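Residue-level listing of the chains:
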Amino acid sequence: MSRSTADIYRRFAETDAAGTLYAPVALALGASDEALRAVEAVPARRRRPGVVLAALHDLALAGRAPALAAAYAAGDGDAAAAAAVDTLRRRGDDVAAVAGRRRLRSGETGRCAVLYPLIAEAARRAGADAIGLVDVGCSAGFNLTVDRVHLTYDGGPTLGDPASPLRMAAAIVQHRPVPARAVPEVVARIGIDREPVDVTDSDEARWLRACRPPDAPDAAELDAQIALAASVASVLLAGDVLEVLPDALARVPADALPVVTTTWTLSDLAPEQRLRFLQRLDEVAAGRTVAWVSAEGVGVAPAIPTQGDRRASGHSILGVALLDHTTVRTQAVGRCWSRGRLLAWTTDA
(Lines give C-alpha, C1' and ligand atoms only; values in the text may rest on other atoms or scores of the structure.)
Protein backbone atom coordinates (compact mmCIF):
# COMPACT_ATOMS: atom_id res chain seq x y z
CA MET A 1 0.00 0.00 0.00
CA SER A 2 1.38 3.41 -0.93
CA ARG A 3 1.79 5.52 2.17
CA SER A 4 2.15 8.57 -0.07
CA THR A 5 -1.39 8.07 -1.40
CA ALA A 6 -2.77 7.97 2.13
CA ASP A 7 -0.81 11.13 2.98
CA ILE A 8 -2.10 12.91 -0.11
CA TYR A 9 -5.71 12.21 0.87
CA ARG A 10 -5.11 13.29 4.45
CA ARG A 11 -3.49 16.55 3.34
CA PHE A 12 -6.35 17.14 0.91
CA ALA A 13 -8.82 16.74 3.78
CA GLU A 14 -6.88 19.18 5.94
CA THR A 15 -6.36 21.84 3.26
CA ASP A 16 -8.41 21.87 0.04
CA ALA A 17 -11.46 20.15 1.54
CA ALA A 18 -11.36 21.73 5.00
CA GLY A 19 -14.84 22.67 6.18
CA THR A 20 -16.66 20.67 3.48
CA LEU A 21 -18.26 17.24 3.32
CA TYR A 22 -15.22 16.09 1.39
CA ALA A 23 -12.96 16.47 4.45
CA PRO A 24 -14.28 13.43 6.38
CA VAL A 25 -14.63 11.47 3.14
CA ALA A 26 -11.02 12.08 2.10
CA LEU A 27 -9.79 11.21 5.61
CA ALA A 28 -11.75 7.96 5.55
CA LEU A 29 -10.43 6.99 2.12
CA GLY A 30 -6.86 7.66 3.21
CA ALA A 31 -7.31 5.55 6.32
CA SER A 32 -8.88 2.52 4.60
CA ASP A 33 -6.65 -0.14 3.06
CA GLU A 34 -9.52 -1.36 0.88
CA ALA A 35 -10.29 2.14 -0.37
CA LEU A 36 -6.63 2.85 -1.07
CA ARG A 37 -6.30 -0.35 -3.07
CA ALA A 38 -9.23 0.78 -5.21
CA VAL A 39 -7.75 4.27 -5.57
CA GLU A 40 -4.44 2.84 -6.72
CA ALA A 41 -6.24 0.91 -9.45
CA VAL A 42 -7.08 4.29 -11.00
CA PRO A 43 -4.53 5.50 -13.61
CA ALA A 44 -1.77 7.37 -11.80
CA ARG A 45 -2.58 10.76 -13.31
CA ARG A 46 -6.25 10.45 -12.32
CA ARG A 47 -6.04 9.21 -8.73
CA ARG A 48 -5.78 12.67 -7.20
CA PRO A 49 -8.39 13.23 -4.48
CA GLY A 50 -10.36 15.79 -6.48
CA VAL A 51 -10.82 13.43 -9.43
CA VAL A 52 -11.67 10.32 -7.36
CA LEU A 53 -14.12 12.26 -5.18
CA ALA A 54 -15.76 13.68 -8.31
CA ALA A 55 -16.06 10.15 -9.73
CA LEU A 56 -17.72 8.99 -6.52
CA HIS A 57 -20.03 12.01 -6.64
CA ASP A 58 -20.89 11.19 -10.26
CA LEU A 59 -21.97 7.69 -9.26
CA ALA A 60 -24.08 9.17 -6.48
CA LEU A 61 -25.76 11.66 -8.83
CA ALA A 62 -26.40 8.87 -11.35
CA GLY A 63 -28.21 6.77 -8.71
CA ARG A 64 -25.48 4.12 -8.68
CA ALA A 65 -24.35 4.85 -5.11
CA PRO A 66 -27.62 5.51 -3.22
CA ALA A 67 -26.17 5.41 0.29
CA LEU A 68 -23.56 8.00 -0.66
CA ALA A 69 -26.20 10.14 -2.36
CA ALA A 70 -28.40 10.01 0.75
CA ALA A 71 -25.49 10.96 3.02
CA TYR A 72 -24.56 13.87 0.80
CA ALA A 73 -28.15 15.06 0.65
CA ALA A 74 -28.37 14.92 4.46
CA GLY A 75 -25.03 16.67 4.88
CA ASP A 76 -23.88 13.82 7.13
CA GLY A 77 -20.09 13.68 6.98
CA ASP A 78 -19.70 10.46 8.96
CA ALA A 79 -22.29 8.64 6.86
CA ALA A 80 -20.73 10.01 3.67
CA ALA A 81 -17.29 8.78 4.75
CA ALA A 82 -18.57 5.28 5.43
CA ALA A 83 -20.60 5.18 2.21
CA ALA A 84 -17.64 6.39 0.13
CA VAL A 85 -15.38 3.66 1.49
CA ASP A 86 -18.09 1.05 0.85
CA THR A 87 -18.69 2.37 -2.69
CA LEU A 88 -14.99 2.12 -3.50
CA ARG A 89 -14.86 -1.37 -2.01
CA ARG A 90 -17.85 -2.62 -4.03
CA ARG A 91 -17.65 -0.45 -7.16
CA GLY A 92 -13.98 0.37 -7.44
CA ASP A 93 -13.93 -0.58 -11.12
CA ASP A 94 -16.75 1.87 -11.86
CA VAL A 95 -14.98 4.66 -9.98
CA ALA A 96 -11.74 3.91 -11.86
CA ALA A 97 -13.60 3.94 -15.19
CA VAL A 98 -15.16 7.35 -14.53
CA ALA A 99 -11.94 8.86 -13.16
CA GLY A 100 -9.91 7.41 -16.00
CA ARG A 101 -11.93 9.00 -18.81
CA ARG A 102 -12.91 12.32 -17.26
CA ARG A 103 -11.02 15.56 -16.70
CA LEU A 104 -11.76 17.54 -13.57
CA ARG A 105 -13.90 20.57 -14.38
CA SER A 106 -14.04 23.22 -11.71
CA GLY A 107 -13.93 26.98 -11.43
CA GLU A 108 -15.74 27.58 -14.73
CA THR A 109 -18.65 29.56 -13.33
CA GLY A 110 -18.81 33.16 -12.16
CA ARG A 111 -16.61 34.74 -14.83
CA CYS A 112 -19.26 36.82 -16.55
CA ALA A 113 -19.14 39.64 -13.99
CA VAL A 114 -15.55 40.39 -14.93
CA LEU A 115 -15.96 39.69 -18.65
CA TYR A 116 -19.01 41.84 -19.35
CA PRO A 117 -17.42 45.29 -18.83
CA LEU A 118 -14.27 44.19 -20.67
CA ILE A 119 -16.26 43.10 -23.73
CA ALA A 120 -18.34 46.28 -23.66
CA GLU A 121 -15.14 48.35 -23.46
CA ALA A 122 -13.54 46.52 -26.38
CA ALA A 123 -16.67 47.02 -28.50
CA ARG A 124 -16.74 50.74 -27.64
CA ARG A 125 -13.11 51.19 -28.65
CA ALA A 126 -13.71 49.42 -31.94
CA GLY A 127 -16.99 51.22 -32.62
CA ALA A 128 -18.76 47.85 -33.01
CA ASP A 129 -22.54 47.45 -33.13
CA ALA A 130 -22.36 43.64 -33.27
CA ILE A 131 -19.82 41.17 -31.94
CA GLY A 132 -18.93 37.51 -32.18
CA LEU A 133 -17.64 35.90 -28.99
CA VAL A 134 -14.74 33.46 -29.27
CA ASP A 135 -14.02 32.01 -25.85
CA VAL A 136 -10.81 30.09 -25.20
CA GLY A 137 -10.66 27.31 -22.67
CA CYS A 138 -13.91 27.52 -20.69
CA SER A 139 -15.02 24.12 -21.84
CA ALA A 140 -18.79 24.23 -21.27
CA GLY A 141 -19.29 27.54 -23.07
CA PHE A 142 -20.45 29.41 -19.98
CA ASN A 143 -18.62 32.60 -20.97
CA LEU A 144 -20.53 32.63 -24.25
CA THR A 145 -23.71 33.59 -22.37
CA VAL A 146 -22.21 36.73 -20.83
CA ASP A 147 -24.85 38.99 -22.39
CA ARG A 148 -27.68 36.83 -21.02
CA VAL A 149 -26.69 37.16 -17.34
CA HIS A 150 -28.02 39.71 -14.83
CA LEU A 151 -24.99 41.39 -13.24
CA THR A 152 -24.79 43.68 -10.24
CA TYR A 153 -21.83 45.63 -8.90
CA ASP A 154 -21.97 47.16 -5.46
CA GLY A 155 -21.76 50.91 -5.73
CA GLY A 156 -22.02 50.63 -9.50
CA PRO A 157 -24.33 49.81 -12.40
CA THR A 158 -26.60 46.89 -13.09
CA LEU A 159 -25.61 45.28 -16.39
CA GLY A 160 -26.70 42.47 -18.67
CA ASP A 161 -30.19 41.01 -18.92
CA PRO A 162 -32.44 42.07 -16.01
CA ALA A 163 -34.85 39.23 -16.81
CA SER A 164 -32.17 36.53 -16.68
CA PRO A 165 -32.65 33.62 -14.27
CA LEU A 166 -28.86 33.64 -13.75
CA ARG A 167 -27.63 36.40 -11.46
CA MET A 168 -24.05 37.21 -10.55
CA ALA A 169 -22.47 39.92 -8.47
CA ALA A 170 -19.03 41.43 -8.02
CA ALA A 171 -17.71 43.66 -5.28
CA ILE A 172 -15.97 46.84 -6.40
CA VAL A 173 -12.78 47.92 -4.66
CA GLN A 174 -10.77 51.15 -4.92
CA HIS A 175 -13.95 53.20 -5.42
CA ARG A 176 -13.83 53.59 -9.23
CA PRO A 177 -17.10 52.40 -10.83
CA VAL A 178 -17.32 49.87 -13.61
CA PRO A 179 -18.43 51.59 -16.84
CA ALA A 180 -22.18 51.38 -17.40
CA ARG A 181 -21.92 50.25 -21.02
CA ALA A 182 -23.94 47.50 -22.64
CA VAL A 183 -22.49 44.66 -24.65
CA PRO A 184 -23.76 45.04 -28.25
CA GLU A 185 -25.68 42.37 -30.09
CA VAL A 186 -23.95 39.00 -30.02
CA VAL A 187 -24.27 37.35 -33.44
CA ALA A 188 -21.91 34.38 -32.95
CA ARG A 189 -20.86 32.30 -29.95
CA ILE A 190 -17.85 30.04 -30.46
CA GLY A 191 -15.87 28.16 -27.82
CA ILE A 192 -12.47 26.48 -28.11
CA ASP A 193 -11.33 23.73 -25.77
CA ARG A 194 -9.31 20.54 -26.03
CA GLU A 195 -12.27 18.64 -24.60
CA PRO A 196 -15.41 20.78 -24.80
CA VAL A 197 -18.40 19.84 -22.69
CA ASP A 198 -21.81 19.53 -24.32
CA VAL A 199 -24.18 20.70 -21.58
CA THR A 200 -27.17 19.37 -23.53
CA ASP A 201 -25.82 15.85 -22.84
CA SER A 202 -27.13 14.68 -19.47
CA ASP A 203 -23.97 12.69 -18.67
CA GLU A 204 -21.74 15.67 -19.44
CA ALA A 205 -23.89 18.04 -17.41
CA ARG A 206 -23.91 15.59 -14.50
CA TRP A 207 -20.10 15.43 -14.55
CA LEU A 208 -19.93 19.22 -14.25
CA ARG A 209 -22.09 18.95 -11.13
CA ALA A 210 -20.01 16.04 -9.84
CA CYS A 211 -16.89 18.20 -9.98
CA ARG A 212 -18.39 20.42 -7.27
CA PRO A 213 -18.47 19.18 -3.66
CA PRO A 214 -22.04 18.19 -2.78
CA ASP A 215 -22.26 21.04 -0.27
CA ALA A 216 -20.71 23.67 -2.56
CA PRO A 217 -22.42 27.05 -2.05
CA ASP A 218 -22.53 27.76 -5.82
CA ALA A 219 -24.43 24.61 -6.79
CA ALA A 220 -27.57 26.58 -7.70
CA GLU A 221 -25.50 28.99 -9.81
CA LEU A 222 -23.95 26.07 -11.65
CA ASP A 223 -27.38 24.58 -12.41
CA ALA A 224 -28.56 27.96 -13.72
CA GLN A 225 -25.44 28.37 -15.84
CA ILE A 226 -25.85 24.89 -17.33
CA ALA A 227 -29.48 25.66 -18.22
CA LEU A 228 -28.56 29.01 -19.76
CA ALA A 229 -25.68 27.56 -21.79
CA ALA A 230 -27.99 24.82 -23.09
CA SER A 231 -30.52 27.43 -24.24
CA VAL A 232 -28.27 29.40 -26.61
CA ALA A 233 -26.90 28.44 -30.01
CA SER A 234 -23.15 27.97 -29.58
CA VAL A 235 -20.44 26.21 -31.54
CA LEU A 236 -17.84 24.39 -29.46
CA LEU A 237 -14.65 23.49 -31.32
CA ALA A 238 -12.35 20.76 -30.02
CA GLY A 239 -8.61 21.09 -30.43
CA ASP A 240 -5.48 23.05 -29.69
CA VAL A 241 -6.24 26.78 -29.50
CA LEU A 242 -3.29 27.69 -31.73
CA GLU A 243 -4.61 25.41 -34.46
CA VAL A 244 -8.33 26.09 -34.07
CA LEU A 245 -8.29 29.85 -33.45
CA PRO A 246 -8.21 30.94 -37.14
CA ASP A 247 -11.21 28.72 -37.95
CA ALA A 248 -13.10 30.04 -34.93
CA LEU A 249 -12.51 33.66 -35.91
CA ALA A 250 -13.52 32.95 -39.50
CA ARG A 251 -16.94 31.87 -38.21
CA VAL A 252 -17.69 35.39 -36.98
CA PRO A 253 -19.67 37.31 -39.65
CA ALA A 254 -17.65 39.91 -41.54
CA ASP A 255 -19.78 42.81 -40.26
CA ALA A 256 -19.24 41.86 -36.59
CA LEU A 257 -16.23 42.40 -34.34
CA PRO A 258 -14.61 39.14 -33.19
CA VAL A 259 -13.97 39.39 -29.44
CA VAL A 260 -11.64 36.70 -28.14
CA THR A 261 -11.91 36.08 -24.40
CA THR A 262 -9.39 34.37 -22.15
CA THR A 263 -10.04 33.97 -18.43
CA TRP A 264 -7.29 32.20 -16.52
CA THR A 265 -6.59 29.90 -19.45
CA LEU A 266 -3.32 31.19 -20.90
CA SER A 267 -1.44 29.96 -17.83
CA ASP A 268 -2.02 26.45 -19.21
CA LEU A 269 0.17 27.37 -22.18
CA ALA A 270 3.96 27.57 -22.18
CA PRO A 271 5.31 31.16 -22.50
CA GLU A 272 6.28 30.60 -26.13
CA GLN A 273 2.77 29.32 -26.88
CA ARG A 274 1.27 32.46 -25.33
CA LEU A 275 3.33 34.54 -27.74
CA ARG A 276 2.19 32.33 -30.60
CA PHE A 277 -1.41 32.92 -29.48
CA LEU A 278 -0.89 36.66 -29.86
CA GLN A 279 0.74 36.07 -33.25
CA ARG A 280 -2.29 34.05 -34.35
CA LEU A 281 -4.56 36.96 -33.43
CA ASP A 282 -2.27 39.33 -35.30
CA GLU A 283 -2.36 37.13 -38.40
CA VAL A 284 -6.16 37.21 -38.48
CA ALA A 285 -6.13 40.97 -37.81
CA ALA A 286 -4.29 41.51 -41.10
CA GLY A 287 -7.70 41.26 -42.74
CA ARG A 288 -10.08 42.58 -40.06
CA THR A 289 -10.12 44.21 -36.64
CA VAL A 290 -9.98 41.72 -33.78
CA ALA A 291 -10.46 42.41 -30.08
CA TRP A 292 -9.02 40.36 -27.24
CA VAL A 293 -10.06 40.76 -23.61
CA SER A 294 -8.32 38.93 -20.82
CA ALA A 295 -8.34 38.22 -17.11
CA GLU A 296 -5.03 36.50 -16.45
CA GLY A 297 -2.37 36.41 -13.76
CA VAL A 298 0.16 39.23 -13.68
CA GLY A 299 2.50 38.86 -16.64
CA VAL A 300 0.67 35.89 -18.17
CA ALA A 301 -1.12 37.64 -21.04
CA PRO A 302 1.51 38.70 -23.63
CA ALA A 303 1.66 42.42 -24.44
CA ILE A 304 -0.83 43.36 -21.69
CA PRO A 305 0.87 45.81 -19.30
CA THR A 306 1.33 44.62 -15.72
CA GLN A 307 0.77 48.09 -14.20
CA GLY A 308 4.01 47.57 -12.31
CA ASP A 309 2.58 44.62 -10.35
CA ARG A 310 4.73 41.66 -9.44
CA ARG A 311 4.10 38.20 -10.81
CA ALA A 312 2.37 35.67 -8.53
CA SER A 313 0.98 38.56 -6.51
CA GLY A 314 -2.41 36.93 -5.91
CA HIS A 315 -4.51 38.97 -8.31
CA SER A 316 -5.12 39.17 -12.04
CA ILE A 317 -4.78 41.89 -14.65
CA LEU A 318 -7.76 42.87 -16.82
CA GLY A 319 -6.64 43.61 -20.34
CA VAL A 320 -8.18 44.98 -23.53
CA ALA A 321 -6.38 44.67 -26.86
CA LEU A 322 -7.38 45.78 -30.34
CA LEU A 323 -5.48 44.36 -33.31
CA ASP A 324 -5.99 46.03 -36.66
CA HIS A 325 -3.75 45.31 -39.67
CA THR A 326 -0.25 46.15 -38.40
CA THR A 327 -1.33 47.84 -35.16
CA VAL A 328 -1.71 46.23 -31.74
CA ARG A 329 -3.14 48.48 -29.03
CA THR A 330 -3.19 47.06 -25.52
CA GLN A 331 -4.15 48.43 -22.15
CA ALA A 332 -4.57 47.12 -18.63
CA VAL A 333 -7.92 48.47 -17.49
CA GLY A 334 -8.23 46.89 -14.07
CA ARG A 335 -7.42 44.20 -11.56
CA CYS A 336 -9.48 41.43 -10.03
CA TRP A 337 -9.32 38.93 -7.21
CA SER A 338 -11.17 35.67 -6.44
CA ARG A 339 -11.73 34.88 -10.09
CA GLY A 340 -13.62 38.12 -10.68
CA ARG A 341 -15.68 38.31 -7.50
CA LEU A 342 -13.64 41.38 -6.48
CA LEU A 343 -13.02 43.94 -9.19
CA ALA A 344 -11.05 47.18 -9.49
CA TRP A 345 -11.48 49.26 -12.66
CA THR A 346 -8.42 51.46 -13.05
CA THR A 347 -9.25 53.58 -16.11
CA ASP A 348 -11.74 56.38 -16.56
CA ALA A 349 -15.28 55.17 -17.30
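**Points about the overall build of the protein**
- When helices and strands are tallied, the protein shows 11 helices and 11 strands.
- A burial count over the protein gives 53% of its 349 residues as buried.
- As presented, the protein carries roughly 14600 Å² of accessible surface, and 48% of it is formed by carbon and sulfur atoms.
- The average position of the 39 basic charges and that of the 42 acidic charges among the side chains of the protein differ by 2 Å.

**Regarding the side chain of threonine 5**
- Along the chain, the position of threonine 5 falls in helix H1 (residues 3–14).
- With relative accessibility at 7%, the residue threonine 5 sits in the buried group.
- Those residues in contact with threonine 5, other than ones at most four positions away along the chain, are Leu36, Val39 and Glu40.

**A look at the pairing of strand E1 (residues 130–136)**
- Among the seven residues that make up E1, seven are buried, leaving the element largely enclosed by the rest of the structure.
- Bridge count between E1 and strand E5 (residues 185–193): seven bridges; the pairing is parallel. If you follow glycine 132 over to E5, its bridge partner there is alanine 188.
- Examined bridge by bridge, E1 and strand E7 (residues 257–263) share six bridges and lie parallel to one another. What sits directly across from glycine 132, in E7, is proline 258.

**Comments concerning the packing of aromatic side chains**
- For the structure shown, the criterion picks out two aromatic pairs.
- Here the aromatic rings of phenylalanine 277 and tryptophan 292 are separated by 5.4 Å at their centres, their planes lie at 75 degrees, and the arrangement is edge-to-face. Of the two residues, phenylalanine 277 is situated in helix H11 (residues 271–284) and tryptophan 292 in strand E8 (residues 290–297); the sequence distance between them amounts to 15 residues.
- Residue class for phenylalanine 277 comes out buried when judged on its relative accessible area of 0%.

**Quick look at the sheet that holds strand E11 (residues 342–345)**
- An order of E3-E2-E4-E11-E10-E9-E8-E7-E1-E5-E6 is seen for the 11 strands of this open sheet, with the pairing classed as mixed. Each edge of the open sheet carries a strand with a single partner, namely strand E3 (158–160) and strand E6 (235–238). For this sheet, the mean angle separating the axes of adjacent strands, direction not counted, is 25 degrees.
- Where strand E10 (residues 327–337) and E11 come together, four bridges link them in antiparallel fashion. Bridge assignment links arginine 335 to a residue of E11, and that residue is alanine 344.

**Focus: the state of the cysteines**
- Under the counting rule described, the total for this entry stands at zero disulfides.
- Cysteine 211 carries a free sulfur, and the closest cysteine sulfur to it, the one in cysteine 138, is 13 Å from it.
- Judged by its relative accessible area of 9%, cysteine 211 falls in the buried class.

**Brief notes about the pattern of salt bridges**
- Taken as a whole and assessed by the stated rule, the structure comprises 25 salt bridges.
- Across the pair glutamate 283 and arginine 280 runs a salt bridge whose closest N-O atoms are separated by 3.4 Å. Note that glutamate 283 and arginine 280 are positioned in helix H11 at a spacing of three residues, about one turn of the helix.
- The class for glutamate 283 is partly exposed, based on a relative accessible area of 40%.
- Salt bridges linked by common partners bring Arg103, Arg105, Asp193 and Glu195 together as one network.

**Comments concerning unusual backbone geometry**
- With a phi close to 75 degrees, alanine 303 is a non-glycine residue in the positive phi region.
- Among the structural elements, alanine 303 can be located in the loop between E8 and strand E9 (316–324).
- For alanine 312, which is not glycine, the phi torsion reads 55 degrees and is therefore positive.
- Relative to the helices and strands, alanine 312 resides in the loop between E8 and E9.
- On the accessibility criterion, alanine 312 (83% relative accessible area) is exposed.

**Focus: the pairing of E7**
- For E7, the buried fraction is high: seven of the seven residues fall into the buried class.
- Judged by which residues are buried, E7 turns out to be covered on both faces: Leu257, Val259, Thr261 and Thr263 on one side and Pro258, Val260 and Thr262 on the other are all buried.
- Two strands pair when backbone bridges link them, and E7 and E8 are joined in this way by five bridges, in the parallel orientation. Of the residues in E8, the one forming a bridge with threonine 262 is serine 294.
- Handedness of the crossover joining E7 and E8 through H11 is recorded here as right-handed.

**Here we look at helix H6 (residues 77–101)**
- Its 25 residues place the ends of H6 only 27 Å apart at the C-alpha level, less than the 36 Å of an ideal helix rising 1.5 Å per residue.
- Arginine 91 marks where H6 bends most, by close to 95 degrees.
- Measuring from the backbone nitrogen of aspartate 78 back to the side-chain oxygen at the start of H6 gives 3.2 Å, which picks out aspartate 76 as the cap.

Conventions we followed
Residues numbered from 1 in each chain as written. Predicted model: local features only at pLDDT ≥ 70, side-chain atom pairs only at ≥ 80, totals over all residues. Heavy atoms only, no water. Helix = DSSP H or I, 4+ residues; strand = E, 2+ residues; numbered from the N terminus. Buried < 20%, exposed > 50% of the residue type's maximum accessible area, 1.4 Å probe, protein only. Areas by Shrake-Rupley, 256 points an atom, 1.4 Å probe, with all protein chains shown as cover. Lys, Arg positive; Asp, Glu negative; His and termini not counted. Charge placed at Lys NZ, Arg CZ, Asp CG, Glu CD. Contact = heavy atoms within 4.5 Å. Pairing = 2+ DSSP bridges. Phe/Tyr/Trp six-rings, centres within 6.5 Å; stacked < 30°, edge-to-face > 60°. Axes fitted to C-alpha atoms, helices over the stretch in contact; angles between N-to-C directions. Disulfide = S-S within 2.5 Å. Salt bridge = Lys/Arg side-chain N within 4 Å of Asp/Glu carboxyl O. Right-handed = clockwise from strand over helix to strand, strands pointing away. Expected span 1.5 Å × (residues − 1). Bend = angle between axes of the 7 residues up to and from the residue. Polar contact = N/O pair within 3.5 Å; in protein donor to acceptor, adjacent residues only side chain to side chain.

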